[in-house]
Each structure stands twice: as C-alpha cells, then as structure tokens.
Amino acid sequence: MGRVTTTDRRTALRAGAGLVAGGALAAGCATTGSTASPAAPAHASASGPAPAAKATPLTAPAPRAFPHQPAQITHGPRDRPAVALTFHGQGDPKIATALLTEVEKHGAHVTVLAVGTWLDTHPEMARRILDGGHDLGNHTQRHIAVNTLSEADALAEITGCADRLKRLTGSIGTWFRPSRAPAASPLVQRLAHRVGYPHVLSYDVDSLDFTAPGAPAVTRKVLAEVRGGSVVSMHFGYADTVAALPAVLEELHRRGLRAVTTTELLS
C-alpha cells in the first residue's frame with residue numbers, strides 16, 4: 001500500500017464540507033475504580049444507523065500491516081528516537097482542540113483512537129484530527145468493556161465505530177484499540193482482524209491522566225517511564241493533560257525523542 005503523505009491528506013480533507021460541532025462528556029479507560037468516567041448509556045446503539053454526515057467522505061489512510069510487529073503492539077522499535085503519544089478520543093471538543101493545537105505548536109503528531117458515539121456527536125473532530133496530520137483510529141462504539149462482551153456484541157462495538165469512521169473519512173481508521181482494557185483478549189484480537197485491523201494497539205506507558213491527578217503528576221508519570229519506541233496512553237477531555245503537554249514535549253525534545261504518529265513510529 002502506498003504511503004499517504006500529510007500534504008495529500010490535507011488536500012483531500014480540505015475538499016470536504018464543514019461539519020457541525022456539539023458537546024460531550026469526557027470518559028477515561030480505567031477498568032476499575034471510581035476515577036474512571038462512566039461509559040455511554042446502555043441504550044446507545046452499537047450498530048444502528050449514525051446521523052448522516054454533512055460532508056462527502058474524506059480520503060484517509062487505511063490500516064496497514066507491519067510484518068515485523070506482533071498482532072498486539074505495545075511499543076515500537078527501541079532503537080528509534082521517537083515515541084507515539086496516543087489519545088483515547090472522547091470528551092469536550094474544546095479541550096480536544098486545545099490539546100491538538102498545543103501538540104502542533106511543538107511540531108508533533110499523535111494518534112487518536114476515537115469513540116463512535118463521540119464521532120456521532122462531534123463529526124467535525126474527525127476532520128480536525130486528520131487535517132492536523134494525526135493518525136485516527138477506532139476505540140469501539142460505546143466505550144464499554146469490550147473484552148467482557150459476547151462475540152456478537154464485541155463485533156458490533158468494533159464494526160459500529162469502524163462504520164462511522166468510514167462514513168466520515170472513507171477509511172475504518174488506521175488503528176484499533178480496545179475500550180476499558182490495556183490489551184485486547186484473544187477473541188477481540190480476532191474480531192478486530194476480521195473487521196480489517198491487522199494489529200491491535202496497546203501501550204507500554206499509562207499516563208493515568210484520567211484519574212485527574214494534576215498536570216505535574218501526569219508529566220512525572222510519563223517522563224519517568226517513556227523511552228525510545230514507547231507508546232503512551234493519554235486522553236482527550238482532561239484539562240490536566242493539555243496543561244502537562246508542553247513540559248512533556250519539551251523534555252522529549254531535550255532527550256532527542258520526537259513525538260510522532262504510531263504509523264510513523266513503526267514505519
């Protein structure tokens with residue numbers, strides 16, 4: 001598969017029409033404990049029709065296989081002077097936009113794993129993410145504990161979000177990450193592969209930003225554990241995360257580590 005350049009991507013994205021914004025609540029990815037934000041209401045449909053997007057589908061990169069990487073990726077090559085900051089995509093779009101703007105001020109790119117219901121409410125964010133040169137992927141439809149679901153329900157969660165991404169961008173997204181779990185179960189791995197994702201994206205550094213510990217704590221946690229090739233788990237929707245990013249990005253630069261998309265990290 002040919003590599004899509006940032007210039008090509010931006011050109012294609014700007015051909016799409018504007019999309020309408022709305023509001024949403026933040027949600028973390030903890031599997032236990034009271035600090036994690038609640039999942040979407042149980043009555044939300046995982047596979048029902050999404051609101052029609054008010055734009056022509058955009059041209060976005062599709063998933064690709066990395067032959068030397070495992071089915072479930074936790075980090076990239078350790079000898080590479082780069083790291084992937086990955087964000088669970090849900091929450092107030094104003095905070096998400098501020099976060100992306102901060103990242104771009106530092107010349108960095110990130111990976112966003114979006115929740116399907118969030119895309120339903122804020123379809124314009126798909127364009128904003130891709131137009132900034134970032135990776136966009138699938139974080140299930142309703143952000144529930146996908147590893148605990150039946151095969152049919154887990155498949156509906158994965159395909160539900162994939163369908164929304166394809167409707168908005170022309171692609172199912174470059175990556176899949178399971179919701180409310182650091183790693184996918186063997187069943188969820190198989191289902192993701194069936195939908196079209198050659199790999200499941202996990203991580204080796206958890207910022208714990210969803211526990212709202214304060215920006216200094218987020219910064220310390222990331223910088224204490226990150227190293228070349230790391231995949232860092234962070235979240236949209238938390239002001240602490242936005243506040244922590246300048247210090248994180250500046251220290252990564254000082255250490256000679258670039259913040260890149262997961263696709264670039266593994267390429």
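**Some points on helix α6 (residues 186-195)**
What sets the pattern is the α-helix's 3.6 residues per turn: residues three or four places apart point alike.
So, point 1. By the burial criterion, the buried members of α6 are Val-188, Leu-191, Ala-192 and Val-195. Buried residues of α6 fall within an arc of 100 degrees about the axis and therefore sit on the same side. Seen from the open side of α6, the exposed residues pointing more than 90 degrees away from its buried face are Pro-186, Arg-190, His-193 and Arg-194.
So, point 2. Trailing α6 by a residue or two, Gly-196 shows a phi angle of about 130 degrees, which is positive.

**Section: the packing of aromatic side chains**
So, point 1. Using the criterion set out here, one finds 4 aromatic pairs in the structure.
So, point 2. Summarising the aromatic geometry, the rings of Phe-176 and Tyr-197 are spaced 5.9 Å apart at their centres and angled 40 degrees between planes, so their arrangement reads as tilted. One end of the pair, Phe-176, is in the loop between α5 (151-169) and α6; the other, Tyr-197, is in the loop between α6 and β5 (200-201), and 21 residues separate them in sequence.
So, point 3. What makes Tyr-197 buried here is its relative accessible area of 1%.
So, point 4. Members of the aromatic cluster, each reached through a chain of ring pairs, are Phe-87, Trp-118 and Phe-236.

**A closer look at the side chain of Thr-262**
So, point 1. Note that Thr-262 resides in helix α9 (residues 262-266).
So, point 2. The contact partners of Thr-262, leaving out residues within four places of it in the chain, are Ala-84, Thr-86, Thr-111, Asp-135, Trp-175 and Leu-201.

**Some thoughts on the packing of helix α2 (residues 93-105) against helix α4 (residues 124-131)**
So, point 1. Taken N-terminus to C-terminus, the directions of α2 and α4 make an angle of 5 degrees; their axes are 11 Å apart at the nearest point. In terms of orientation, α2 lies roughly parallel with respect to α4. Counting all contacts with α2, which are made through Pro-93, Ala-96, Thr-97, Leu-100, Thr-101 and Glu-104, the residues of α4 involved are Glu-124, Met-125, Arg-128 and Ile-129.

**Some details on helix α7 (residues 215-225)**
So, point 1. Those residues of α7 that fall on the buried side of the exposure criterion are Ala-215, Val-218, Thr-219, Val-222 and Leu-223. The buried residues of α7 all sit within an arc of 115 degrees when viewed along its axis, so they share a single face. Exposed residues lying more than 90 degrees from the buried face of α7 are Pro-216, Arg-220 and Ala-224.

**With respect to the nonpolar core**
So, point 1. Core analysis: the biggest nonpolar cluster contains 53 residues, and Leu-85, Phe-87, Trp-118, Leu-136, Ile-158, Tyr-197 and Phe-236 have the highest contact counts within it.
So, point 2. Ile-73, Ala-82, Leu-113 and Trp-175 belong to the second-largest nonpolar core, a separate cluster that totals 12 residues.

**Observations concerning the pairing of strand β4 (residues 135-138)**
So, point 1. Alternating residues of β4 divide into Asp-135 and Gly-137 and Leu-136 and Asn-138, and every residue in both groups is buried.
So, point 2. Pairing of strand β3 (residues 111-114) with β4, which is carried by 4 bridges, proceeds in the parallel orientation. Paired with Ala-114 across the two strands is Asn-138, which belongs to β4.

**Regarding the confidence of the model for the chain**
So, point 1. For the chain, the average pLDDT comes to 84, and 78% of its residues sit at 70 or higher.
So, point 2. A low-confidence stretch, residues 1-28 (pLDDT under 50), is modelled with 73 contacts involving residues beyond four sequence positions or located in other chains.
So, point 3. Of the regions scoring below 50 in pLDDT, residues 31-57 engages in 52 contacts with residues more than four places distant in sequence or in other chains.

Parameters at a glance
Residues numbered from 1 in each chain as written. Predicted model: local features only at pLDDT ≥ 70, side-chain atom pairs only at ≥ 80, totals over all residues. Heavy atoms only, no water. Buried < 20%, exposed > 50% of the residue type's maximum accessible area, 1.4 Å probe, protein only. Helix = DSSP H or I, 4+ residues; strand = E, 2+ residues; numbered from the N terminus. Arc of directions from axis to C-beta. Phe/Tyr/Trp six-rings, centres within 6.5 Å; stacked < 30°, edge-to-face > 60°. Contact = heavy atoms within 4.5 Å. Axes fitted to C-alpha atoms, helices over the stretch in contact; angles between N-to-C directions. Parallel < 35°, antiparallel > 145°, perpendicular 65-115°, else oblique. Core = buried A, V, L, I, M, F, W, Y, C linked by side-chain atoms within 4.5 Å. Pairing = 2+ DSSP bridges. pLDDT = per-residue confidence, 0-100.

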